[in-house]
Amino acid sequence: MSGDSDCTRTSPSAGSPSDNELLPDRPKYVCSLSPDLVTKAREELQEKPEWRLRDVQALRDMVCKDYPSLGTCLDDAFLLRFLRARKFDYDRALQLLVNYHTCRRTWPEVFNNLKPSAIKPVLESGFVTVLPHRDPEGRHVVCIRPDRWTPSNYPITENIRAIYLTLEKLIQSEETQVNGIVILADYKGVSLSKASHFGPFVAKKVIGILQDGFPIRIKAVNIINEPRIFKGIFAIIKPFLKEKIANRFFLHGCDLNSLHQNIPPVILPEEYGGTAGKLDVSAWNQLLLASEEDFLHDFSQLVLPCDSSPHDMLVSGDADEKQCDDSLRGMKPQLYYCY
């Protein structure tokens, strides 16, 4: 599906009524939010149900006018993700949508052949999973365990692909769009050799996606069992973090009581002092792998033409790589010192 044809058939002024009757209808949006979540979305995201479809159409019109070759899906439900992530600020939602496509275009190692079956070894390792129960705020907890990764088996980009697909699956839920997610990262056993794979270039790319290139609200990042080397890792990450996100990082060390202040034991597995049984990654893996056809269909609508060059992109290319290479040279001694 091309961006031009997509925008043409959704333009309010395109064609006569009889012509429009011949065009395929978009999926009709049906809100799945509970009354409580509708109220929460109104209070926290400035989402007014009576104006929701008007806001979606406004964003759609902006895409068609400013980025006619973006090649994006323009369905109500898809665009609504970006409006919610930016509290219904049209300009910021549009920039987020453009950034979303830019990230996918400029990092082929991550986004080519992006489907659950392609990252099955990562899923089976237990590197990333989603806990079966939401927290009291209705947020899913994404659990990341870098110690489960063996660098000789596959590159770090495979881990990033697995995290990205996990987020894509989660954001399909309107409940998650409103409530956001929580991240639990267990750095137990992370060595210097493993940390060295996460240099400034990769860090900038990942942070760019999570902060400015993906329509999800990250409400907290809980770090547990971090070794001394994490000081070096965080030194890489922090320059790229916005203050609001940086303030949502909580470093707990080995103190499970501190972790339980943020994530209640009732939803945590035994490995983290919880009462929800052993950590089992099989249920999430099965859910993600069963979504293969859905991903293939959804991603087929996100085609950015090779010759298009949308302006105001998030990623600036070679200049960023040079800056990150310079940062890497200065960072390595710090990593060794921390270790």
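Each value, and the rule that gives it
- Residues numbered from 1 in each chain as written.
- Predicted model: local features only at pLDDT ≥ 70, side-chain atom pairs only at ≥ 80, totals over all residues.
- Heavy atoms only, no water.
- Helix = DSSP H or I, 4+ residues; strand = E, 2+ residues; numbered from the N terminus.
- Core = buried A, V, L, I, M, F, W, Y, C linked by side-chain atoms within 4.5 Å.
- Buried < 20%, exposed > 50% of the residue type's maximum accessible area, 1.4 Å probe, protein only.
- Domains from an automatic or database assignment.
- Contact = heavy atoms within 4.5 Å.
- Axes fitted to C-alpha atoms, helices over the stretch in contact; angles between N-to-C directions.
- Parallel < 35°, antiparallel > 145°, perpendicular 65-115°, else oblique.
- Left-handed = near helix turned anticlockwise from the far one by under 90°.
- Nonpolar A, V, L, I, M, F, W, Y, C, P; charged D, E, K, R; others polar.
- Salt bridge = Lys/Arg side-chain N within 4 Å of Asp/Glu carboxyl O.
- Pairing = 2+ DSSP bridges.

Asks: How do you make sense of unusual backbone geometry when you look at a structure like this?
Replies: Generally, phi is negative for residues other than glycine and the peptide bonds are trans, each holding for most cases. The backbone phi angle of Asn 113 is positive, close to 55 degrees, even though this residue is not glycine. With respect to the helices and strands, Asn 113 occurs in the loop between helix H7 (108-111) and helix H8 (120-125). Residue Asn 225 is not a glycine yet carries a positive backbone phi of 60 degrees. Looking at the secondary structure, you find Asn 225 in the loop between strand S4 (218-224) and helix H13 (230-237).

Asks: Sorry if this is basic, but what is going on with the nonpolar core here?
Replies: One recurring pattern in soluble globular proteins: nonpolar side chains tend to sit buried together. If you look at the biggest cluster of nonpolar residues, it comprises 79 residues, and the most contacted ones within it are Trp 107, Ile 181, Phe 198, Phe 214, Ile 233 and Leu 241. Counting residues domain by domain, this core receives three or more from each of domain 1 (35-106) and domain 2 (112-298). Leaving out residues up to four positions away in the same chain, Phe 214 has contacts with Leu 96, Tyr 100, Tyr 164, Leu 167, Glu 168, Ile 171 and Ile 209. Counting residues in hydrophobic clusters, the runner-up holds 13 residues, among them Cys 143, Ile 224, Ile 267 and Leu 268.

Asks: Which parts of the structure should I look at to understand the packing of helix H4 (residues 52-66) against helix H6 (residues 90-106)?
Replies: Describing two packed helices takes the angle between their axes plus the distance from one axis to the other. Remark: H4 packs on H6, axes separated minimally by 10 Å, with the N-to-C direction vectors making an angle of 55 degrees. On the basis of the axis angle, H4 is oblique to H6. Handedness of the crossing formed by H4 with H6: right-handed. Here Arg 54, Asp 55, Ala 58, Leu 59, Met 62, Val 63 and Asp 66 of H4 come into contact with H6, specifically with Tyr 90, Asp 91, Ala 93, Leu 94 and Leu 97. In terms of residue class, the contact of H4 with H6 is made up of 8 nonpolar, no polar and 4 charged.

Asks: How should I be thinking about the pattern of salt bridges in this particular structure?
Replies: Oppositely charged side chains may form a pair once their charged atoms are brought near each other. As enumerated under the stated definition, the model contains 13 salt bridges in all. The partner of Glu 47 in a salt bridge is Arg 52, with the nearest N and O atoms 2.7 Å apart. Note on accessibility: Glu 47 and Arg 52 belong to one class, buried. The salt bridge involving Arg 161 is made with Glu 158; its shortest N-O contact spans 3.1 Å. With a gap of 3 residues between them, Arg 161 and Glu 158 both fall in helix H9 (residues 156-170), about one helical turn apart. The exposure class assigned to Arg 161 is buried, which follows from its relative accessible area of 4%. Beyond isolated ion pairs, a larger network of salt bridges with shared partners links Glu 47, Arg 52, Arg 84 and Glu 174.

Asks: So what exactly am I meant to see when it comes to the sheet that holds strand S2 (residues 140-144) here?
Replies: Within a beta sheet, neighbouring strands are joined by backbone hydrogen bonds and run either parallel or antiparallel to one another. With respect to topology, 5 strands assemble into an open sheet ordered S1-S2-S3-S4-S5, the strand pairing being mixed. Edge positions in the sheet fall to strand S1 (128-130) and strand S5 (249-251), since each has one partner strand and no second. Each strand of the sheet is rotated relative to its neighbour by a mean of 20 degrees, with strand direction disregarded. Bridge analysis of S1 against S2 gives 3 bridges, and the strand direction is antiparallel.

Asks: Teacher, can you tell me more about the pairing of strand S3 (residues 181-186) here?
Replies: Successive residues of a regular strand alternate their side chains across the two faces of the sheet. When you tally the buried positions in S3, you get 6 out of 6 residues, the bulk of the element. In S3, alternate side chains face the same way, and those of Ile 181, Ile 183 and Ala 185 on one face and Val 182, Leu 184 and Asp 186 on the other are all buried. Alignment of S3 against S4, held across 6 bridges, turns out to be parallel. Bridge pairing in S4 places Ala 185 opposite Ile 223.

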